[in-house]
Amino acid sequence: MEHMWSVVLLIFVINIVYVSLLTLRLILTLKGLKMLAALAGMFEIIVYVTGLGIVLDNMTSVFHIVAYALGYGIGVIIGIKIEEKLALGYITVNVITKEYEPDIPNYLRDKGYGVTNWVAYGREGERLMMEILTSRRSEKALYDTVKLLDPKAFIISHEPKAFFGGFWVKGLRR
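Heads up: these notes are all about the structure in this document. (Residues numbered from 1 in each chain as written. Predicted model: local features only at pLDDT ≥ 70, side-chain atom pairs only at ≥ 80, totals over all residues. Heavy atoms only, no water.)

**Points about the packing of helix 1 (residues 2–30) against helix 3 (residues 62–86)**
Logical step 1: Two elements in contact, helix 1 and helix 3, have axes separated by 6 Å at closest approach and are oriented at 35°. The two elements helix 1 and helix 3 cross, and the hand of that crossing is right-handed.
Logical step 2: By residue class, the composition of the contact of helix 1 with helix 3 is 22 nonpolar, seven polar and one charged. (Axes fitted to C-alpha atoms, helices over the stretch in contact; angles between N-to-C directions. Helix = DSSP H or I, 4+ residues; strand = E, 2+ residues; numbered from the N terminus. Left-handed = near helix turned anticlockwise from the far one by under 90°. Nonpolar A, V, L, I, M, F, W, Y, C, P; charged D, E, K, R; others polar.)

Dropping the structure here:
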């Protein structure tokens, strides 16, 4: 009986590692990091084949299958958390201020952000519209700074697939 529970635990842990690597590989692939994705894929398949062999050799209990399924689900969550910690890539943040305040773009530029700004017109009048490109590692700091400058600012972000030229590209590590 003790052997069964150690195999159940082993299946659970192996599947967490496998699916975490799978999730990370998919994210790396989507971000165009081919070599890192290939490296993660090599480790992923080693863990997968090992884990699958153990599962197929031990299909004697529903606990083995449940451990496999639970490990899979938790592996997805852990893989996403790992990617969030790595914060790979860049984001484009669009900010629309509640009031037109022309000093905000220069304040953000002084903090090292690349900012393009213009006057926009909303339902209630003039607004300041800014487009800011930053690394995902700096995302939270940018949001906090914008909220400090204008707590009612409208903020939306997305990940650019590619960008060329301009202020930001000069400092990028390729």
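**Side note on the environment of E131**
Logical step 1: Checked against the element boundaries, E131 lands in strand 3 (residues 125–135).
Logical step 2: Residue classification places E131 among the partly exposed positions, given a relative accessible area of 37%.
Logical step 3: Put simply, E131 and W118 are 13 residues apart on the chain and 9.0 Å apart in space, counted from C-alpha to C-alpha.
Logical step 4: Apart from the residues lying within four places of it in its own chain, the contact partners of E131 are T92, V93, N94, G114, V115, T116 and W118. (Buried < 20%, exposed > 50% of the residue type's maximum accessible area, 1.4 Å probe, protein only. Contact = heavy atoms within 4.5 Å.)

**Description of the pattern of salt bridges**
Logical step 1: For the structure shown, the criterion picks out seven salt bridges.
Logical step 2: E44 is the partner of R25 in a salt bridge, and the nearest nitrogen-oxygen pair spans 2.4 Å. Highlighted residues: R25 in helix 1 and E44 in helix 2 (residues 34–57), separated in sequence by 19 residues.
Logical step 3: Of the residues examined, E44 reaches a relative accessible area of 6% and is grouped as buried.
Logical step 4: For the salt bridge of D144 with K140, the shortest nitrogen-to-oxygen distance reads 3.0 Å. Remark: K140 and D144 occur in helix 5 (residues 139–149); sequence separation between them is four residues, near one turn of the helix. (Salt bridge = Lys/Arg side-chain N within 4 Å of Asp/Glu carboxyl O.)

**With respect to the packing of aromatic side chains**
Logical step 1: Across all of its chains, the model carries two aromatic pairs by this definition.
Logical step 2: Here W5 and F63 contribute two aromatic rings whose centre-to-centre distance is 4.9 Å and whose plane-to-plane angle is 50°, an arrangement assigned as tilted. Here W5 is found in helix 1, whereas its partner F63 is found in helix 3, with 58 residues between them in sequence.
Logical step 3: Under the relative-accessibility criterion, F63 is labelled partly exposed at 39%.
Logical step 4: Judged by centre distance (4.8 Å) and plane angle (40°), the rings of Y18 and Y48 are tilted. A residue pair is termed long-range when its members are at least 10 positions apart, and Y18 in helix 1 and Y48 in helix 2 qualify at 30 residues. (Phe/Tyr/Trp six-rings, centres within 6.5 Å; stacked < 30°, edge-to-face > 60°.)

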